[in-house]
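Spelled out from the first residue to the last, the chains are:
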Amino acid sequence: GRKQRGVSETLSIIIPAYNEASRIGGSLAEVLRFAERYPGKVEVIVVDDGSTDGTASLIEAFQPGAGERLRLVRHPRNRGKGASVRTGFEQARGEIVLFSDADLSTPIEEAVRLIEPVAAGVCDVAIGSRALEQSVIEVRQSWIRRCMGRIFYRMARWWTGLDIRDTQCGFKAFRREAMAPAFARQRLSGFAFDVELLYLANKLGLRVLEVPVTWRHVGDSRVSLVADSGAMLLELLRVRLNDWRGLYNGT
């Protein structure tokens, strides 16, 4: 396909996947097409987080055609999205590391918007945001999900002091070398791991940039409204407790 112009730094794309057999094939095909057009070297790392539905075998079916470009890493049991992204980051070799949700609720073509400011040295971390004026929301979440999201945003800001409008969009890019100390200190494995990583990035003095993206809600969310919302709020509390206990000081 036609090569994209622009940045040429090596890129690692991490896709955490848990019981994604119904859509991982289509998503992976899109990501691999993007990788072919990208001007620099790309590796795609799918972390299968203890799936029980054949997710891994679907990924393996892509490997002969994708060659070294595609790697599958497997957790023997389900450990959570945060643990999957951390595993992928530890395996990544690219100068820039991007992680994307398996449902591609943000189209993979939007990755260039995040990669370019990191490659240009404008920031160390670029995060997709649904909350900026220029963001395009093609399919909205339900009213109740949007309401829970606003509550979570206010709690996250109150507890962590982060001046970030959207911590939870599953589309983020990092300068690997700069972000490695944050991942080394990461403690949370659940859905609030994004907040912890951004809190650590801020603590380490890294520059974080929110970038408007196109986003569409995809059904069959892995987030259970009641159970996971409560767990996410408890994880926010753990971020502050971990910091007060000195667990983020590292070496």
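Predicted model, so just to flag it, every value in this text is computed and none were measured. (Residues numbered from 1 in each chain as written. Predicted model: local features only at pLDDT ≥ 70, side-chain atom pairs only at ≥ 80, totals over all residues. Heavy atoms only, no water.)

(A) Geometry of the environment of Trp-159. Structurally, Trp-159 is set in helix H5 (residues 143-160). Here the alpha-carbon distance between Trp-159 and Arg-238, two residues 79 residues apart in the chain, equals 10.0 Å. Once residues within four sequence positions are removed from consideration, Trp-159 is found in contact with Leu-237, Arg-240 and Trp-244. (Helix = DSSP H or I, 4+ residues; strand = E, 2+ residues; numbered from the N terminus. Contact = heavy atoms within 4.5 Å.)

(B) How the structure looks around the sheet that holds strand E1 (residues 11-17). With mixed pairing, seven strands are arranged side by side in an open sheet as E3-E2-E1-E4-E7-E5-E8. Each end of this open sheet is capped by a strand with a single partner; those strands are strand E3 (70-75) and strand E8 (208-212). Across the sheet, the mean angle separating the axes of adjacent strands is 20° when strand polarity is ignored. Where strand E2 (residues 42-49) lies against E3, six bridges are found, and the strand directions are parallel. Note that in E3 the partner of Val-47 across the bridge is Val-73. Here helix H7 (residues 193-203) sits on the sheet and contacts strand E4 (96-100), strand E5 (125-129), strand E7 (171-175) and E8; the angle it forms with E5, its principal contact strand, is near 145°. (Pairing = 2+ DSSP bridges. Axes fitted to C-alpha atoms, helices over the stretch in contact; angles between N-to-C directions.)

(C) Structural detail: the environment of Glu-235. Note on placement: Glu-235 falls in helix H8 (residues 225-244). On the basis of relative accessibility, which here comes to 12%, the residue Glu-235 falls in the buried class. In this structure, the C-alpha to C-alpha distance between Glu-235 and Ser-189, residues 46 residues apart in sequence, is 9.3 Å. Setting aside chain neighbours within four positions, we find Glu-235 in contact with Leu-188, Ser-189, Gly-190, Phe-191, Ala-192 and Phe-193. A distance of 3.4 Å separates a polar atom in the side chain of Glu-235 from the backbone nitrogen of Gly-190. (Buried < 20%, exposed > 50% of the residue type's maximum accessible area, 1.4 Å probe, protein only. Polar contact = N/O pair within 3.5 Å; in protein donor to acceptor, adjacent residues only side chain to side chain.)

(D) The pairing of E2, seen in detail. Among the eight residues of E2, eight are classified as buried, and the element is accordingly described as predominantly covered. Burial of the side chains of E2 extends over both faces: Val-42, Val-44, Val-46 and Asp-48 are buried on one face and Glu-43, Ile-45, Val-47 and Asp-49 on the other. Examined bridge by bridge, E1 and E2 share seven bridges and lie parallel to one another. Of the residues in E2, the one forming a bridge with Ala-17 is Asp-48.

(E) Structural view of the pairing of E7. The element E7 is largely enclosed, with a buried count of four among its five residues. Sheet topology places E4 next to E7; five bridges connect them, and they run antiparallel. Each residue of the ladder has a partner; that of Leu-98, found in E7, is Ala-173.

(F) Structural view of the side chain of Thr-167. With respect to the element layout, Thr-167 can be found in the loop between H5 and E7. At a separation of 2.7 Å, a polar atom in the side chain of Thr-167 contacts the side chain of Gln-168. Thr-167 has contacts with Phe-152, Lys-172, Asp-194, Val-195 and Leu-198, leaving out every residue within four places of it along the chain.

(G) Region of interest: the side chain of Glu-9. You can see Glu-9 is positioned in the segment before E1. Here Arg-175 takes part through its side chain, which lies 2.7 Å from a polar atom of the side chain of Glu-9. Glu-9 has contacts with Tyr-38, Gly-40, Lys-41, Glu-95, Ile-96, Ala-119 and Arg-175, leaving out every residue within four places of it along the chain.

(H) Quick peek at helix H3 (residues 81-91). Most of H3 is tucked away: nine of the eleven residues are buried. Residues of H3 that are buried make contact with E1, E2, E3, E4, helix H6 (176-185) and H7.

(I) Layout of the packing of aromatic side chains. Per the counting criterion, the structure on display carries seven aromatic pairs. When the ring of Phe-34 is compared with that of Tyr-38, the centres are 6.0 Å apart and the planes differ by 35°; the resulting orientation is tilted. Classification of Phe-34 as buried rests on a relative accessible area of 0%. Where Phe-89 meets Phe-174, the ring centres are 6.5 Å apart and the plane angle is 80°; that geometry is what we call edge-to-face. With Phe-89 in helix H3 and Phe-174 in strand E7, the pair connects residues that are 85 residues apart, well separated along the chain. Residues Phe-89 and Phe-174 agree in their burial class; the two are buried. Among the aromatic residues, those joined into a cluster by ring pairs are Phe-89, Phe-99, Phe-174, Phe-183 and Phe-193. Cation over ring: Arg-130 sits above Trp-215, and NZ or CZ is 4.9 Å from the ring centre. (Phe/Tyr/Trp six-rings, centres within 6.5 Å; stacked < 30°, edge-to-face > 60°. Lys NZ or Arg CZ within 6 Å of the ring centre and 35° of its normal.)

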